[in-house]
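Commentary on secondary and tertiary structure
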There are 2 protein chains.
Amino acid sequence: MRENGTRERIVEAANALFYQQGFEQTSFTHIAEAVGITRGNFYYHFKSKDEILDAVIAFRFGATEAMLERWEQVGGNPEGRLNCFAEILVVNRAKIMGYGCPVGTLCTELTKMNHQSRQEANEIFSLFRVWLRRQFELAGRPGDADDLAMHLLARSQGVATLANAFQDEEFIRKEVETMRDWIKGVCTCLS
Amino acid sequence: MRENGTRERIVEAANALFYQQGFEQTSFTHIAEAVGITRGNFYYHFKSKDEILDAVIAFRFGATEAMLERWEQVGGNPEGRLNCFAEILVVNRAKIMGYGCPVGTLCTELTKMNHQSRQEANEIFSLFRVWLRRQFELAGRPGDADDLAMHLLARSQGVATLANAFQDEEFIRKEVETMRDWIKGVCTCLS
DNA sequence: GTCTATAGTTTGATAGAC
DNA sequence: GTCTATCAAACTATAGAC
C-alpha cells in the first residue's frame, strides 16, 4: 500500500513540475532528477507518462475535495465559504503569479493537446463549480446558482491569468476585494 | 518585400498551429506540412523556431493594433467601443471554445517555459490594457481607468478559459451580457 | 525495487546538390 | 529558393542484470 513511498514521491514531483513547467515541457528526466531515481526505474511504477498524468490529476482531485470540505466547515455560512474561495487567490498569490492557476493552465494545455485525460482534468473544475453552486443555493439563489458559480469561477480564472502575465500582486488584492463585495451583494439580496 | 510569399505563409501557418496546438507542441514538421514545404527549406526563412515565434507575435501584435483602430471608429463612443471588446468573445466563440484566448494561452505557455519572448507576447495584453484604459478615461473615469481596464480584461480571460474547458456557448453569451451591463453602469455613473 | 544499457522516434538544426 | 541527406540531442519506452 505504501510501497517505498517512491510512487508517492513521483506523483508529488510530477505534480509540481507539471504545474511549474507544463505537462508537455516536463520530461521523465526532469521528474527522475527531482525524485532522485533513474529514468529506467520509472517504468516499474508507471507504464507511461500519461499514467503519471492520471495519477497527478487524481491527486489534485483529492486535494481539491479536501480543501472544499475544509472551507465547508471554516467558512461558517455560504457567504463566508464563498469568501474562502475568493481568498485563495491571495493566499496562493506567489504561485499564481509564477505559474497561473494549476487547474486552468492544465485544462487549457490538455485541451490544446486534445489529450485523452482532458475530461478528467475538467472534473476538478466541476468540483469547484458544483461546490460554488451549492453555496449560492444555500444563500437563497436557487434560480441562478449555476450562473453565479460560473461567473465567480471565471473571475477567479481571469485574475490568475492576468496576475501571471503582469506579475501584479496588488491587482490580485484589488480584484479579490471586488469579488468579496460582489459576493456580499449577491448573498444579501435574496431575490 | 514580398519575396515569394513563403515567409508569410510560414508565419500564417505557425500562427494558426501555435494557437491550436500550442507553441511547444507544434514542430517544424507540422508547420512544413501545413505550408507544403520540407523541413530543411525552413531554415532559409527562419534561423530557429524562436525566430518564427517572434514573427508570429509581431504578426498578432499588428493584427491587434488594426482591430483596436477599427473598434475606435466603429464603436462611436467609449461605451460602444468597450462593447466591441466584450462582443469579441461572442464573435470568436467557436475558436475560443476550441482553443481558448490566443493571447492568454500563449502568454501562459511562454511564462511556464520561461521563454525569452515572454515579454513580447505580454505586450499584446498591454495593447488591450492601454486601449481599454483610454476608453474608461474618456468615459469619465480617469481615477480608476486602469483598474477598470484590468478588471474587464480579466473577466474576458476568465470567460475564455471556462468556455474552453466546458465547451459552453451559452455561458459566453450570458457573461457578455453581464459585461455589457457592467460597462453601461460604469460609463453612466460619472463618479 | 533499482540500476545500466539501449532501442526506436522525433526533435531542432546544418550542409550541400540542384 | 527548394530540395535531400544527415546530424546531434532529447525524448518515451523496453530488456535484463543485480
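Look up a bit, the structure's there.
Below: a short report on this structure. (Residues numbered from 1 in each chain as written. Chains lettered and ligands numbered in written order. Predicted model: local features only at pLDDT ≥ 70, side-chain atom pairs only at ≥ 80, totals over all residues. Heavy atoms only, no water.)

What to know about the relation of the copies chain A and chain B
Overlaying chain A on chain B yields an RMSD of 0.0 Å, the required transformation being a rotation through 180° with an accompanying axial translation of 0.0 Å. In the structure described here, the two chain copies are related by an operation that fits a two-fold rotation axis. It is A:Gly158 whose C-alpha, among those of chain A, lies nearest the rotation axis, at 1.9 Å. When the interface residues of chain A are mapped onto chain B, 100% of them again fall at the interface, so both copies present the same face. (Least-squares fit on C-alpha atoms with pLDDT ≥ 70 in both. Contact = heavy atoms within 4.5 Å.)

Comments concerning the pattern of salt bridges
A side chain of one charge can pair with a side chain of the opposite charge if their charged atoms are brought near each other. Summed over all chains, the structure comprises 18 salt bridges over all chains. A salt bridge links A:Arg129 to A:Asp146; the nearest nitrogen and oxygen atoms lie 2.8 Å apart. A residue pair is termed long-range when its members are at least 10 positions apart, and A:Arg129 in helix 8 (residues 118-138) and A:Asp146 in helix 9 (residues 145-166) qualify at 17 residues. Ionic pairing is found between B:Glu169 and B:Arg93, a salt bridge with its closest N-O pair at 2.9 Å. Remark: B:Arg93 occurs in helix 6 (residues 93-99) and B:Glu169 occurs in helix 10 (residues 169-188); sequence separation between them is 76 residues. A relative accessible area of 27% places B:Arg93 in the partly exposed class. (Salt bridge = Lys/Arg side-chain N within 4 Å of Asp/Glu carboxyl O. Helix = DSSP H or I, 4+ residues; strand = E, 2+ residues; numbered from the N terminus. Buried < 20%, exposed > 50% of the residue type's maximum accessible area, 1.4 Å probe, protein only.)

Focus: helix 7 (residues 102-113) of chain B
All names here are of chain B. With twelve residues, helix 7 extends 17 Å from end C-alpha to end C-alpha; this agrees with the ideal 16 Å at 1.5 Å per step. Every buried residue of helix 7 is accounted for by Val103, Gly104, Thr105, Leu106, Cys107, Thr108, Glu109, Leu110, Thr111, Lys112 and Met113. One or two residues past the end of helix 7 sits asparagine 114, with phi positive at roughly 55°. (Expected span 1.5 Å × (residues − 1).)

Quick notes on the protein's contact with DNA strand C
Near DNA strand C you find 19 residues, and of these A:Tyr44, A:His45, B:Phe28, B:Tyr43 and B:Lys49 are the closest. Between A:Asn41 and DNA strand C, the recorded distance is 3.1 Å, taken from a side-chain N or O atom to a sugar or linking oxygen. Take B:Lys49: an N or O atom from its main chain is 3.0 Å from a phosphate oxygen of DNA strand C. Contributions of two or more residues to the surface near DNA strand C are made by helix 3 (42-45) of chain A together with helix 2 (28-35) of chain B. (Near = heavy atom within 4 Å. Polar contact = N/O pair within 3.5 Å; in protein donor to acceptor, adjacent residues only side chain to side chain.)

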